[in-house]
Amino acid sequence: MIGDILRREREKQNLTVQDIERETSIRALYIEALEQGEYDKLPGEVYAKGFIKNYANFLDLDGDDMVKKFVMEISPTTIAPEETKPAAEKSYAKVTAETPAEKPTTRAQRRAETHADSEDDKKKYLVAAAAALILLIGGIIFAFSGGEENTVAQQEITQPVETAQEVTQPAEPQQIAQVIPSGVKVQATFSGDCWTQVAVDGAVVFEGMINVGQAFNWDGAQSVNVVLGNAGAVNFVVNGQDIGAIGADGAVVERTFTR
């Protein structure tokens, strides 16, 4: 049993449960539950995996190997050890392959829309300038000549101005609507090894160990939920804002980011 291995190694190193609690930030209640195999006293399987990894690494044991043994212990007939790693790698491939593909299309659309808006603005300015020039010329002619012919000419001159105003008015609401942000974008950079679970809009897209130096992007329409076994090793940027780590080294933390 995993708990027997951890307890024997702790006693071999002359350490108490309180020593483990102080060094790993895992509550003594959970440490004792792990050692006695009373997994129902733990807050959940995800947290149990994080506790085991941190506890084992502190005792200079192989944390990843201990987590695999734990999975086999709680469900030996449904989870084989050789299937665990490929599942994580498949999830990793899904996240890294699909997420970046959305960005080039968005940037291209924005460049095209910005270019179209710029062309529309130029046309509006030219129409307004031409109308102002026509008004100026008409005023000069009316001042020097007078009469009904100039009155008629002035009425004809004012018509393009009204048309120009009608053209420029509907464009403004559409331009404002295009820049309203939506969704939630989460970027995570790992400065240390960390067991991680990620759910996007309620669906789990990744669960497994992420190594130091790796970075991930997760985009959700409503929410991105993360559970970390070593929260101090992960730096987050959410919707362009750098929020740093969401917990201390070795701490198990769960956080939901929303739009």
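Here is what the cut-offs are and how they apply
Throughout, residues of each chain are indexed from 1 in the direction in which the sequence is written. Local features are withheld for residues below a pLDDT of 70 in this predicted model, meaning they are given only at 70 or higher, and side-chain atom pairs are given and counted only at 80 or more; totals for whole chains, interfaces and linings count all residues. Hydrogens and water molecules were not included; the side-chain quantities draw on all heavy atoms of the structure. Secondary structure follows DSSP: runs of H or I at least 4 residues long count as helices, runs of E at least 2 residues long count as strands, and numbering of each begins at the N terminus. Working definition: with a 1.4 Å probe on protein chains only, accessible area under 20% of the residue-type maximum means buried, over 50% means exposed, and in between means partly exposed. Two residues form a contact once any of their heavy atoms are found within 4.5 Å. Exposure was quantified through the Shrake-Rupley algorithm and a 1.4 Å probe, taking into account, for residues, occlusion by the shown protein chains and nothing else. The criterion is simple. A nonpolar core is a set of buried Ala, Val, Leu, Ile, Met, Phe, Trp, Tyr and Cys residues joined through side-chain atoms within 4.5 Å. The term salt bridge refers to a side-chain nitrogen of Lys or Arg lying within 4 Å of a carboxyl oxygen of Asp or Glu. Orientation is described by lines fitted to C-alpha atoms, with helices fitted over the stretch in contact, and by angles between N-to-C directions that extend from 0 to 180 degrees. Three classes are used, and their members are as follows: Ala, Val, Leu, Ile, Met, Phe, Trp, Tyr, Cys and Pro are nonpolar, Asp, Glu, Lys and Arg are charged, and the others, Gly among them, are polar. Only strands that DSSP links by at least two bridges are regarded as paired with each other.

Participant: Tell me about the overall build of the protein, and name the residues and values.
Facilitator: The secondary structure content of the protein amounts to 9 helices and 8 strands. Every one of the 259 residues in the protein was classed for burial, and the buried ones make up 34%. For the protein, the proportion of contacts with a sequence separation of at least 24, taken over those separated by at least 6, is 58%. Summing over all exposed atoms, the protein offers an accessible surface of approximately 15,600 Å²; the carbon and sulfur share of this is 53%.

Participant: Mind laying out the nonpolar core, listing which residues take part and the relevant values?
Facilitator: If you look at the biggest cluster of nonpolar residues, it comprises 23 residues, and the most contacted ones within it are Val186, Val198, Trp218, Val224, Phe236 and Phe257. Broken down by secondary-structure element, the contributors of at least two residues to this core are β1 (184-190), β2 (194-200), β3 (203-210), β4 (215-220), β5 (223-228), β6 (234-238) and β8 (253-258). Of all the elements, β1 adds the most residues to this core, at 4 residues. Those residues in contact with valine 186 that lie beyond four places of it in its chain are Phe216, Asn217, Trp218, Asp219, Val224, Phe236, Val237, Val238 and Phe257.

Participant: Go over the pattern of salt bridges, please, and point to the residues and values.
Facilitator: Tallied over the entire structure, the rule returns 11 salt bridges. For glutamate 11, the salt bridge is made with arginine 7, and the minimal N-O distance between the two is 3.6 Å. Linking glutamate 11 with arginine 7, this pair stays in helix α1 (residues 2-12), spanning 4 residues, or about one helical turn. The class of glutamate 11 is partly exposed, set by a relative accessible area of 42%.

Participant: Would you mind going over the environment of glutamate 73 in detail, with residue names and values included?
Facilitator: For glutamate 73, the location among the structural elements is in helix α5 (residues 63-74). With relative accessibility at 29%, the residue glutamate 73 sits in the partly exposed group. As a C-alpha pair, glutamate 73 and isoleucine 2 span 71 residues in sequence and 8.0 Å in three-dimensional space. Not counting the four nearest positions on each side in its chain, glutamate 73 is found in contact with Met1, Ile2 and Tyr39.

Participant: How would you explain the packing of α1 against α5 if you had to name every residue and give the values?
Facilitator: For the pair α1 and α5, the least separation of the axes is 9 Å and the interaxial angle reads 145 degrees. Contacts between α1 and α5 pair Ile2, Ile5 and Leu6 from the former with Met66, Lys69, Phe70 and Glu73 from the latter. A breakdown of the residues in the contact of α1 with α5 according to their chemical character gives 5 nonpolar, no polar and 2 charged.

Participant: Quick rundown of the sheet that holds β3? Include the residues and the values.
Facilitator: Read across the sheet, 4 strands follow the order β3-β2-β5-β8 without closing on themselves; strand pairing throughout is antiparallel. The open sheet is flanked by β3 and β8, the only strands paired with a single partner. Along the sheet, successive strands turn relative to each other by an average axial angle of 15 degrees, direction set aside. In this sheet, β8 lies alongside β5 in antiparallel orientation, the contact comprising 6 bridges. Of the residues in β8, the one forming a bridge with asparagine 225 is threonine 256.

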